[in-house]
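# Structural characterization, general
The residues making up each chain are set out below.
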Amino acid sequence: MITTNVDVSAFEELRGKVLSAANVDSLLREIATTMLSVTRTRIHEFGENADGRSLGNYSPRYLELRRKPTSEGGNNDSDPKVRFFFTGQMQNDYKVVPLSRTEYALGFSNSKNADKADWLEQNPKFGKVWALTQEELQNVRDIIKEFIATKLK
């Protein structure tokens, strides 16, 4: 499974305040669902890795294969940009996965897709794909700060 560690140093502001289990769960779910949407768009629509680099372009030969109808649905996409999308199955399986009662991750419920994601991320051509960008990490910090400002007055 692809995991991302997030520095939640903004929680230091919570020192001395009571944080209910429901509040923690609410915050973690908000972070996870927001990052799911953001990373899904970056990876599967814009075709970018966590460094903001393009995942590259498909070769003309492979692009031709992608245009042919298949039993899995295929697609008629003529855009050569790599976006890890063919039938949509992997993109649709990318979700918030509960790891425990207090932890959530972004990953895949289908082991085939999890293995594929691991393989793709190990390919130096793509770099870190499912990690969070610096901008996405800032987004997480902003979510935490907003949560503190609105929920824990």
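How each quantity is defined
Residues numbered from 1 in each chain as written. Predicted model: local features only at pLDDT ≥ 70, side-chain atom pairs only at ≥ 80, totals over all residues. Heavy atoms only, no water. Helix = DSSP H or I, 4+ residues; strand = E, 2+ residues; numbered from the N terminus. Contact = heavy atoms within 4.5 Å. Areas by Shrake-Rupley, 256 points an atom, 1.4 Å probe, with all protein chains shown as cover. Expected span 1.5 Å × (residues − 1). Phe/Tyr/Trp six-rings, centres within 6.5 Å; stacked < 30°, edge-to-face > 60°. Buried < 20%, exposed > 50% of the residue type's maximum accessible area, 1.4 Å probe, protein only. Salt bridge = Lys/Arg side-chain N within 4 Å of Asp/Glu carboxyl O. Pairing = 2+ DSSP bridges.

The helix and strand inventory of the protein stands at five helices and two strands. Counting from the amino terminus, the protein carries its helices and strands in the arrangement α-α-α-β-β-α-α. Sequence-distant contacts, at least 24 apart, represent 63% of the contacts inside the protein between residues at least 6 apart. Accessible surface, the protein as shown: approximately 9,300 Å² in total, 50% of it carbon and sulfur.

End to end, helix α5 (residues 134-151) covers 25 Å across 18 residues, agreeing with the expected 26 Å (1.5 Å per residue, within 8%). Elements that come into contact with the buried residues of α5 comprise α1 (21-45).

One pass over the full model with this rule turns up five aromatic pairs. When the centroid spacing of 5.1 Å and the interplanar angle of 50° are considered together, the rings of Tyr58 and Tyr62 count as tilted. What makes Tyr58 buried here is its relative accessible area of 15%. Ring geometry for Phe108 and Trp130: centres 6.1 Å apart, planes at 80°, overall edge-to-face. Of this pair, Phe108 sits in strand β2 (residues 104-108) while Trp130 sits in the loop between α4 (111-122) and α5; the two residues are 22 residues apart in sequence, bridging distant segments of the chain. Each of the two residues, Phe108 as well as Trp130, counts as buried. Of the aromatic side chains, those joined through ring pairs into one cluster are Phe84, Tyr94, Phe108, Phe126 and Trp130.

In total, this model carries three salt bridges according to the counting rule given. A salt bridge links Glu136 to Arg42, with the nearest nitrogen and oxygen atoms 2.7 Å apart. Of this pair, Glu136 sits in helix α5 while Arg42 sits in helix α1; the two residues are 94 residues apart in sequence, bridging distant segments of the chain. Assessed through its relative accessible area of 5%, Arg42 is described here as buried.

The element β2 is extensively covered by neighbouring structure, given that five of its five residues are classed as buried. Of the two faces of β2, the one carrying Tyr104, Leu106 and Phe108 and the one carrying Ala105 and Gly107 are both buried. The sheet contact formed by strand β1 (residues 94-98) and β2 spans five bridges and is antiparallel. Across the sheet, Pro98 pairs through a bridge with Tyr104, a residue of β2. The loop that links β1 with its antiparallel partner β2 comprises five residues.

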